[in-house]
Amino acid sequence: MSLVGLSGVLAWCAVTSPSRIIPHRTPLTRLEKTLGRGPAHISEFSPGSQPLALPKCGNVRPPEALLTPDPLLQVQDDLHVRVSFIVGSDGQVHGAFILDSGGAKEDQIVLHAVRFWRYRPALCNGVPTDSEALVRFSVR
C-alpha cells in the first residue's frame with residue numbers, strides 16, 4: 001500500500017518539476033510599483049434618491065457602507081468617474097453603470113470594484129429596501 005503512495009508522490013514531482021513551471025510574464029517588482037500610483041480613498045458617496053419602496057417612508061435611514069475598497073487605478077492625469085447603482089435590500093450593489101467616463105479601462109476597473117461593495121441597506125420605516133446611490137471617483 002505504501003509503495004503505491006510513494007509512486008504517486010514521485011509521479012507528482014515529475015509533473016511539477018522546475019523545468020515545467022511557466023514563469024510569470026510581468027515581474028512582481030514592476031507590478032508593485034504600479035500599485036503605488038493611484039489608490040487612495042477616492043470615492044465620494046451620496047444617496048441618489050429616497051428608498052425605492054412604493055409607500056411613503058416616515059422614518060428613512062440611508063444605506064451605510066460596510067465594505068468599499070478603492071479600485072486600483074493607474075492614473076497619470078486627472079480622473080473623474082461617476083457611477084450610479086442600486087443598493088439592494090440585501091446590501092449588495094446591483095445595476096452599476098457609468099454616468100461620467102474616465103476612459104474605457106478605468107471605467108471597467110471602477111465597475112469591477114463597485115460590484116463587490118457591501119452596504120447596510122437603507123431602511124424605510126425599519127424595513128430594508130432598495131435605494132439608488134451615486135459615487136464619484138476623482139484622482140488629481
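Rules behind the numbers
Residues numbered from 1 in each chain as written. Predicted model: local features only at pLDDT ≥ 70, side-chain atom pairs only at ≥ 80, totals over all residues. Heavy atoms only, no water. Salt bridge = Lys/Arg side-chain N within 4 Å of Asp/Glu carboxyl O. Helix = DSSP H or I, 4+ residues; strand = E, 2+ residues; numbered from the N terminus. Buried < 20%, exposed > 50% of the residue type's maximum accessible area, 1.4 Å probe, protein only. Pairing = 2+ DSSP bridges. Phe/Tyr/Trp six-rings, centres within 6.5 Å; stacked < 30°, edge-to-face > 60°.

A. How the structure looks around the pattern of salt bridges. This model, assessed by the stated rule, comprises three salt bridges. Between Arg120 and Glu64 there is a salt bridge; the shortest N-O distance is 3.1 Å. Here Arg120 is found in strand β6 (residues 118-120), whereas its partner Glu64 is found in strand β3 (residues 64-67), with 56 residues between them in sequence. Arg120 gets classed as partly exposed once you look at its relative accessible area, which sits at 39%. According to the relative accessible area criterion, Glu64 is partly exposed, its value standing at 31%. The salt bridge involving Asp100 is made with Arg82; its shortest N-O contact spans 2.9 Å. With Asp100 in strand β5 (residues 93-100) and Arg82 in strand β4 (residues 79-87), this residue pair connects regions lying 18 residues apart in the sequence. Here the salt bridges share partners, and the residues they tie into one network are Arg61, Glu64 and Arg120.

B. The arrangement of the sheet that holds strand β8 (residues 127-129) in detail. Across the sheet, three strands lie side by side as β2-β7-β8; this open sheet has antiparallel pairing. The strands lining the two open edges of the sheet, one partner per strand, are β2 (60-61) and β8. Bridge count between strand β7 (residues 122-124) and β8: three bridges; the pairing is antiparallel. Residue Cys124 lies in a different strand from β8, and its bridge partner there is Val127.

C. Molecular detail of the packing of aromatic side chains. A complete count under the given rule lists four aromatic pairs for this structure. Look at Phe85 and Trp117: their rings are 6.4 Å apart centre to centre, the planes differ by 85 degrees, and that puts the pair in the edge-to-face class. Residue Phe85 is located in strand β4, and its partner Trp117 is located in the loop between α3 (104-114) and β6; the two are separated by 32 residues in the primary sequence. When its relative accessible area of 1% is taken as the criterion, Phe85 is described as buried. Overall, the relative accessible area of 1% leaves Trp117 in the buried class. Connected via pairs of aromatic rings, a cluster forms that spans Phe85, Trp117, Tyr119 and Phe137.

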